[in-house]
Amino acid sequence: MNENLKRLTESPVTMKVLEKMLEYARPDGSDVFVSNARIARELRPPCTIRSVQRAKRILEAEGLLRRVGTYSNRNGKGLVHAADMRLYFQVLEAIR
């Protein structure tokens, strides 16, 4: 397994975070509007917000996730992400 895939699969939280984010994305992986707190709460088993932040940094570094903007709502500000679906499926194939 190459180093990039190893980094993605070392922590089971990383791929779970990406999969949870894709539940909130459009079919092409764009416009992911979901808070770190919600992801942390909805993962099974639940994890910390800090774990979600770490996972997002890994996903961004590996090119599976990118920041595309910010938004504001009554709870504060957040980031809008987009996932690279092509790379996501390549990773899934490689780890199976």
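Definitions and limits used
Residues numbered from 1 in each chain as written. Predicted model: local features only at pLDDT ≥ 70, side-chain atom pairs only at ≥ 80, totals over all residues. Heavy atoms only, no water. Axes fitted to C-alpha atoms, helices over the stretch in contact; angles between N-to-C directions. Helix = DSSP H or I, 4+ residues; strand = E, 2+ residues; numbered from the N terminus. Parallel < 35°, antiparallel > 145°, perpendicular 65-115°, else oblique. Contact = heavy atoms within 4.5 Å. Nonpolar A, V, L, I, M, F, W, Y, C, P; charged D, E, K, R; others polar. Expected span 1.5 Å × (residues − 1). Buried < 20%, exposed > 50% of the residue type's maximum accessible area, 1.4 Å probe, protein only.

Some details on the packing of helix α2 (residues 12-23) against helix α4 (residues 49-61)
For any two helices packed against each other, one specifies the crossing angle of their axes together with the interaxial distance.
Stage number 1. Running from amino to carboxyl end, α2 crosses α4 at an angle of 85 degrees, the nearest separation of the two axes being 9 Å. Comparing the axis directions of α2 and α4 gives the class roughly perpendicular. Listed contacts from α4 to Val 13, Thr 14, Val 17, Leu 18 and Met 21 of α2 are Ser 51, Val 52, Ala 55, Lys 56, Ile 58 and Leu 59.
Stage number 2. Considering only residue class, the contact of α2 with α4 consists of eight nonpolar, two polar and one charged.

Observations concerning the environment of Arg 26
Stage number 1. Mapped onto the elements, Arg 26 comes out in the loop between α2 and α3 (36-42).
Stage number 2. Along the backbone, Arg 26 and Ala 83 are 57 residues apart, and their C-alpha atoms lie at a distance of 9.7 Å.

Things to note about α2
Stage number 1. A rise of 1.5 Å per residue sets the reference length of α2, with its 12 residues, at 16 Å; its end C-alpha atoms lie 17 Å apart and thus fit the reference within 8%.
Stage number 2. Three or more residues of α2 are buried, namely Thr 14, Met 15, Val 17, Leu 18, Lys 20, Met 21 and Leu 22.

Brief notes about unusual backbone geometry
Stage number 1. Look at the link from Arg 44 to Pro 45: it is a cis peptide, with omega at -5 degrees.
Stage number 2. Tracing the sequence through the fold places Pro 45 in the loop between α3 and α4.

This is a description of form; function is not addressed.
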